[in-house]
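Chains, contacts and geometry: an overview
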Amino acid sequence: MKPVQSELKRWMEQNENFQENYNRTRQEVLADPEIKEFLAAHPELKKNEINKSLIKLYEYKTQSKQCDRCKSFGSCQNMLQGYSPILHVEDNEIHLSYEKCHSRVDYERQQKQHKLIKSLFMPKEIMQATIADIDSDPERSEAVRQLLHFVGQVKEGLPKKGIYFYGPFGVGKTYFLGALANQLKEKNISSTLIYMPEFVREIKASFKDDSINDKIDYFKKADVLMLDDIGAELHSAWFRDEILGSILQYRMMEGLPVFFTSNYSMDQLEGHLATTRGGVEEVKAGRIMERIKQVSKEVRIAGGNRRDI
Ligand code: ADP
Ligand code: MG
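Residues numbered from 1 in each chain as written. Chains lettered and ligands numbered in written order. Predicted model: local features only at pLDDT ≥ 70, side-chain atom pairs only at ≥ 80, totals over all residues. Heavy atoms only, no water.

Within an unreviewed UniProt entry, the label attached to the chain reads Primosomal protein DnaI, and the organism entered is Oceanobacillus picturae.

Quantified by volume, the largest pocket comes out at close to 610 Å³. Elements that contribute at least two residues to the lining of the largest pocket include exactly helix 6 (124–127) and helix 8 (173–186). Take the lining of the largest pocket: its biggest share by element is 4 residues, from helix 8. When the residues that make up the lining of the largest pocket are grouped by side-chain class, the tally is 10 nonpolar, 5 polar and 9 charged. (1 Å grid on protein atoms, 1.4 Å probe; cavity = no way out; pocket = protein on both sides within 12 Å on 5 of 7 lines; lining within 4 Å. Points joined across faces, edges and corners; volume = space filled by probe spheres on them. Helix = DSSP H or I, 4+ residues; strand = E, 2+ residues; numbered from the N terminus. Nonpolar A, V, L, I, M, F, W, Y, C, P; charged D, E, K, R; others polar.)

Next up on the list: the site of ligand 1. Looking at ligand 1, there are 14 residues lining it, with E125, G170, K173, T174 and Y175 nearest. One of the backbone nitrogen or oxygen atoms of G172 is found 3.0 Å away from an oxygen atom of ligand 1. For ligand 1, an oxygen atom lies 2.8 Å from a polar atom in the backbone of Y175. Burial of ligand 1 by the protein chains amounts to 83% of its free accessible area of 550 Å². With respect to the pocket detection grid, ligand 1 is positioned in the largest pocket. Looking at which element gives the most residues to the shell around ligand 1, the answer is helix 8, with 3 residues. (Near = heavy atom within 4 Å. Polar contact = N/O pair within 3.5 Å; in protein donor to acceptor, adjacent residues only side chain to side chain. Areas by Shrake-Rupley, 256 points an atom, 1.4 Å probe, with all protein chains shown as cover. Sits in = over half its atoms within 2 Å of the grid points.)

Regarding helix 12 (residues 266–274), the residues found buried are M266, L269, L273 and A274. Buried residues of helix 12, viewed axially, fall in a sector of 135°; they line one side. (Buried < 20%, exposed > 50% of the residue type's maximum accessible area, 1.4 Å probe, protein only. Arc of directions from axis to C-beta.)

The next thing to look at is the state of the cysteines. This structure, assessed with the given rule, holds 0 disulfides. In this structure C101 is a free cysteine whose sulfur lies 3.8 Å from that of C67, the closest cysteine sulfur available. On the accessibility criterion, C101 (5% relative accessible area) is buried. (Disulfide = S-S within 2.5 Å.)

With that out of the way, let us pick up the UniProt feature "domain: AAA+ ATPase" (unreviewed entry) in the chain. In the numbering used here, UniProt assigns the "domain: AAA+ ATPase" (unreviewed entry) feature to residues 159–287. Within the segment residues 159–287, helix and strand shares are 52% and 19% respectively, and the terminal C-alpha atoms sit 22 Å apart. (UniProt positions renumbered as here; feature names shortened; annotations may be inferred.)

With that settled, consider unusual backbone geometry. With phi around 65°, C67 is a residue other than glycine that occupies positive phi space. When you line up the elements, C67 lands in the loop between helix 4 (54–62) and strand 1 (83–90). A relative accessible area of 18% places C67 in the buried class. Notably, N188 is not glycine yet its phi reads approximately 65°, a positive angle. With respect to the helices and strands, the residue N188 is situated in the loop between helix 8 and strand 5 (191–195). When its relative accessible area of 45% is taken as the criterion, N188 is described as partly exposed.

Turning next to the confidence of the model for the chain. Mean pLDDT for the chain: 88, with 95% of residues reaching 70 or above. Strand 3 (residues 117–120) is the least confidently modelled element of the chain, averaging 66 in pLDDT, while strand 7 (residues 258–262) averages 98, the highest of any element. (pLDDT = per-residue confidence, 0-100.)

Turning our eyes to something else, we now look at helix 11 (residues 237–254). If you check helix 11, its first and last C-alpha atoms are 24 Å apart, about what 18 residues at 1.5 Å a residue would give, namely 26 Å. Remark: the principal bend of helix 11, roughly 35°, maps to G245. Taken together, the buried positions of helix 11 are occupied by F239, R240, I243, L244, G245, I247, L248 and R251. Following helix 11 by one or two positions, G255 adopts a phi angle in the positive range, close to 65°. (Expected span 1.5 Å × (residues − 1). Bend = angle between axes of the 7 residues up to and from the residue.)

In this section: the packing of helix 11 against helix 13 (residues 282–295). Between two packed helices, both the angle of their axes relative to each other and the distance between the axes serve to describe the pair. Relative orientation of the contacting elements helix 11 and helix 13 amounts to 30°, with a least axis distance of 9 Å. Taken as axis vectors, helix 11 and helix 13 run roughly parallel relative to one another. With respect to the hand of their crossing, helix 11 and helix 13 are arranged in left-handed fashion. Facing R240, D241, L244, G245, S246, L248, Q249, R251 and M252 of helix 11, the residues of helix 13 in contact are K284, I288, R291, I292, Q294 and V295. Per-class residue counts for the contact of helix 11 with helix 13 are 6 nonpolar, 4 polar and 5 charged. (Axes fitted to C-alpha atoms, helices over the stretch in contact; angles between N-to-C directions. Parallel < 35°, antiparallel > 145°, perpendicular 65-115°, else oblique. Left-handed = near helix turned anticlockwise from the far one by under 90°. Contact = heavy atoms within 4.5 Å.)

Now for the pattern of salt bridges. Scanning all chains against the criterion turns up 12 salt bridges. The salt bridge partner of K52 is E49, with a shortest N-O separation of 3.2 Å. Of this pair, K52 and E49 both sit in helix 3 (residues 47–52), separated by 3 residues, roughly a single helical turn. Close ionic contact of E281 with R240 constitutes a salt bridge, the shortest N to O distance being 2.5 Å. (Salt bridge = Lys/Arg side-chain N within 4 Å of Asp/Glu carboxyl O.)

Written out as structure tokens, the structure is:
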């Protein structure tokens, strides 16, 4: 008999502890200011329902509400990281659910924005450029004005024409594109920025894995396409006509803006585009130039070489 008796005794002691714990927790939960407020807002809730839902109320009490106990998404203390509890009543029953907290929403927005700029082969300083950082000296002021004009128009929809920035090496043409991409990112518009010589290489390399059509499609349909340093690449007639030509044709028809930077003015670029290994093809170069003019507006950037500063 002894073992049974001692078991029973232990059970009763534990049960007493359990009762004690339960009562203490119940009081704590019901004394919590937010829970008090919730219960006061729902006088229809029966005592029985409150007792039955004590575990939910306890869970609610212990969790951080909309980041009130955590500094950032990374340091979230909640059981479900980045989610904040909410109590509600349905058919006289207490329900506990979770919604995304402010930090998580912010974090997700940042992640999404980060993905918006698909910059291919761009230096870090360009990716961090901002319009506010561009010196507004007289030689750059027209270019800045045009850039701001474009940004200003965005609220009524993406303008059909981008800008063709040209000027000497080092004046900050690529920097302008980076600054614009960052500004557009704030407005949830994605930019695809690519350095022309890499673009040619990328397209040629994609022959091997059959991804060429997907890639061309991607450049055709990007919200804002930015082609950096056009004229610096080694052209083949094929790239000029089949790739660049078809991307520009598509964007021209769809009214999608393209930005360019170049060391050449549009007139000079035409001569450059005409000359390929296959000889001089002025008509074909003229056709490409027509498309470039349809999708962008020529703007000169002058000034000194920023690389010398
Ligand atoms: P470009 O494309 O005209 O040859 P870049 O845009 O590459 O010139 O600019 C040359 C250098 O000057 C880069 O290192 C760039 O980061 C820097 N730069 C250009 N404009 C600015 C600016 N407004 N503020 C700070 N650095 C700049
Ligand atoms: Mg450049």
